[in-house]
Structures are given as C-alpha cells and as structure tokens.
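Structural overview
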Amino acid sequence: MGESMRFEGKVAVVTGAGRGIGEEYAKALAREGAAVVVAELDADAGERVAKEIEQDGGKAVAVATDIANEDSTLGMAKAASDVFGGVDYLVNNAAIYGGMELHGLTTMPMSYWEKFMSVNMTGAVLCTRAVFGSMAERGGGAIVNQSSTAAWMGVGYYGIAKLALHGITGSFARELGPMNIRVNAIAPGPTDTEATRSTVDDSIIQGLLASMPLNRMGTPAELAGACLFLLSDDARWVTGHVLNVDGGQVMRV
Ligand SMILES: NC(=O)c1ccc[n+]([C@@H]2O[C@H](COP(=O)([O-])OP(=O)(O)OC[C@H]3O[C@@H](n4cnc5c(N)ncnc54)[C@H](O)[C@@H]3O)[C@@H](O)[C@H]2O)c1
C-alpha cells in the first residue's frame, strides 16, 4: 500500500504505459488505489506492466490501443467501462519518442509529419473525446497531458506537437470545466528512460544538463509525484496549467 490512497475506487487510463514514464505513472496510480487501464500500442509491453501491477496487489488491465486511431480509442474507453465501470482519470502520455526519426523541418518526409502529428498531437484529442463522457457521468475527473520542455526550444516537429498539446490542454480545460473535468499538462525536462538513452545523443543531453540549475536528468519517479498531484483533489482548483518538472531547465519567471 502506498503512503496515501488518493485514488481508491477510481479508474485511471494511462496511454503509452508499456514502458518508461507511462509505466511509472501507471504503477504509481495503482499503488494509490486506482484501477489502471494500460493503453499501449505494444500489446506485449502493456500486458507485462498490467501483470506486474497485479502481482504487486494492484488492479490493472492491458488494452492494446493506437491513440491515433479513433475506433481504437473508443474501443479502449469501452474496455475501461466493461472491466472497471468507467473512467475518472486520463494521462495522455503516449507519443512517438523512443526510436523517433530525426529530420529537419525542411527535409522531413511529409508522410512522417502526418504520422507523427496523428500520434503526438491528435492522439490526446482522440483519447480525451473517448473518455470525457464517462468522466462527466461519474461527476467529473481529471486529465494530464504529457508535454516536454522541448515545446519552448524550437526543436522541430517533436516540440511543435508538444506546443500544440498546450493549446489542446487549455481548450479542453475550458470546454470540460463545466463538467467538473480538469485538464493540465506536465512539461518534463530530460528524463532518464531507455527511450532517451537510445534516441538522444549523449552530447545533446550533456549540453542541456550543463545549463540547468539542477544539472542532472530527472527520473520517471520524480515526474509521477507531479502527475498524481495534478490528477488528485489536492489540485482541485488547478486547470489549464502547464507544470514544468524539469530541474529548472525552462524558467518562466
Ligand atoms: N524521456 C524524456 O526525457 C521525456 C521528456 C519530456 C517528455 N517526454 C514525454 O514523455 C512521454 C513518455 O516518454 P518515454 O521516455 O517514456 O518514451 P517511450 O518512447 O519509452 O514511451 C512511449 C510509449 O508510448 C507508446 N506509443 C507510441 N505510439 C503509440 C500509439 N500510437 N498508441 C499507443 N501507445 C503508443 C510506445 O509504445 C511506448 O511504450 C512521451 O510523451 C514523451 O514525449 C519524455
């Protein structure tokens, strides 16, 4: 049992929870009592995480989901209702990140732009549309969108999609607020996951870290506290906010 059980009796969907930061979010929510829907494109990875949560005494189900496909997101929401009775929380964490192609905006194949945006931008819209009705029926809920400090760095399509997520966060915060659904975002700085190690050149990471007040990478566990805070009733008057969890990498002061 976790230190507190803020999500006892509640249902949380975490997309891209088959590894990395999403896995940590899913496990942290389960430790605080939530039944977790592991909505993951990689079915085997999702099954592993759901099984580990259950072995730890938590509740979880893996639902193979492609967040870029509307039918798939509707199927995910239906599975959440069939298995756990509905949805209270959504974490839009999934994105093309580990193994992503690296191109400039002038040189990227436009087919990759379309594919990338359909996941990293539109996916959060589709998942939100799929679950908000259930949240509203249950008296309200909360959503966290996983952004990145890359949103403010002018680093091409990865950052552009994250900046779009901020607009999506604000728009849904306004539209869903009257249903008592809060919508916020987290902007993590460089975080130590397998995806970061395999995708981002070490010299780029070292350059970023050198300029940061807390000059080390963050860990998924250090993001989970902020994610669970934004989902929880502790943040019940916080909506439309982007919370940096980044060792001071980007200061908006
Ligand atoms: N690691 C970092 O330094 C860092 C920093 C800031 C933000 N982020 C963001 O945090 C999130 C997780 O990062 P990570 O390091 O764990 O990355 P990761 O690549 O390990 O995890 C992403 C997960 O999303 C899944 N996924 C990809 N496309 C999907 C789709 N269409 N439908 C469903 N699932 C899909 C992948 O299979 C994978 O399990 C991403 O949104 C990333 O952009 C990461």
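**Let's talk about the nonpolar core**
- Core analysis: the biggest nonpolar cluster contains 72 residues, and V14, A26, L29, V36 and V38 have the highest contact counts within it.
- Sorting elements by how many residues they give to this core places helix α5 (residues 122-137) first, with seven residues.
- Those residues within four positions of V14 in sequence are excluded, and the remaining contacts are G22, Y25, A26, L29, V36, V38, A39, V91 and N93.

**A look at helix α9 (residues 220-231)**
- Taking 1.5 Å of rise per residue, the 12 residues of α9 would be expected to cover 16 Å, and the 16 Å separating its terminal C-alpha atoms lies within 8% of that figure.
- Those residues of α9 that fall on the buried side of the exposure criterion are P220, L223, A224, C227, L228, L230 and L231. Projection of α9 onto a plane perpendicular to its axis shows the buried side chains occupying an angular sector of 155°, all on one side.
- In the core, the buried residues of α9 are packed alongside α1 (20-31), β4 (89-92), β5 (141-146), β6 (181-188) and β7 (242-245).

**Description of the environment of R252**
- Within the secondary structure layout, R252 lies in the segment after β7.
- When the C-alpha atoms of R252 and T193 are compared, they prove to be 25 Å apart, with 59 residues separating the residues in sequence.

**Quick look at the packing of α5 against helix α6 (residues 157-176)**
- For the pair α5 and α6, interaxial distance at closest approach is 11 Å and the crossing angle is 20°. When the interaxial angle is binned, α5 and α6 end up roughly parallel. Crossing angle aside, the handedness with which α5 passes α6 is right-handed. Contact with α5, carried on its side by A124, V125, T128 and F132, involves L165, I168, F172 and L176 of α6 and no other residues of that element.
- Here the residues of the contact of α5 with α6 sort into seven nonpolar, one polar and no charged.

**Quick word on the sheet that holds strand β1 (residues 11-15)**
- Taking strand neighbours across the sheet as the criterion, the seven strands line up as β3-β2-β1-β4-β5-β6-β7 in an open arrangement whose pairing is parallel. Either end of the sheet is taken by a strand with one partner, and the two such strands are β3 (59-64) and β7. Adjacent strand axes in the sheet meet at a mean angle of 20° when their direction is disregarded.
- In this fold helix α3 (residues 70-84) packs onto β1, β2 (35-40) and β3, with an angle of close to 155° to the strand it touches most, β2.
- Sitting on the sheet, α5 touches β1, β4, β5 and β6, and the angle it makes with β4 is about 175°.

**Regarding the site of the ligand**
- Around the ligand, the surrounding shell holds 31 residues, and the nearest of these are G16, G20, A95, G98 and A195.
- The leading source of residues in the shell around the ligand is α1, at three residues.
- When grouped by side-chain class, the residues that make up the shell around the ligand number 13 nonpolar, 14 polar and four charged.

**Focus: the pairing of β2**
- Judged by how many residues are buried, β2 sits mostly within the fold: six of six residues are covered.
- The alternating pattern of β2 places A35, V37 and A39 and V36, V38 and E40 on opposite faces, both of which are buried.
- Bridge count for β1 against β2 is five bridges, and the pairing is parallel. Bridge assignment links T15 to a residue of β2, and that residue is A39.
- Handedness of the crossover joining β1 and β2 through α1: right-handed.
- Taking the sense of rotation as the criterion, the β-α-β connection linking β2, helix α2 (residues 43-55) and β3 turns out right-handed.

Scoring rules and cut-offs
- Residues numbered from 1 in each chain as written.
- Predicted model: local features only at pLDDT ≥ 70, side-chain atom pairs only at ≥ 80, totals over all residues.
- Core = buried A, V, L, I, M, F, W, Y, C linked by C-beta atoms within 7 Å.
- Buried ≥ 20, exposed ≤ 12 C-beta atoms within 10 Å, placed from the backbone.
- Helix = DSSP H or I, 4+ residues; strand = E, 2+ residues; numbered from the N terminus.
- Contact = placed C-beta atoms within 7 Å.
- Expected span 1.5 Å × (residues − 1).
- Arc of directions from axis to C-beta.
- Axes fitted to C-alpha atoms, helices over the stretch in contact; angles between N-to-C directions.
- Parallel < 35°, antiparallel > 145°, perpendicular 65-115°, else oblique.
- Left-handed = near helix turned anticlockwise from the far one by under 90°.
- Nonpolar A, V, L, I, M, F, W, Y, C, P; charged D, E, K, R; others polar.
- Pairing = 2+ DSSP bridges.
- Near = placed C-beta within 6 Å.
- Right-handed = clockwise from strand over helix to strand, strands pointing away.

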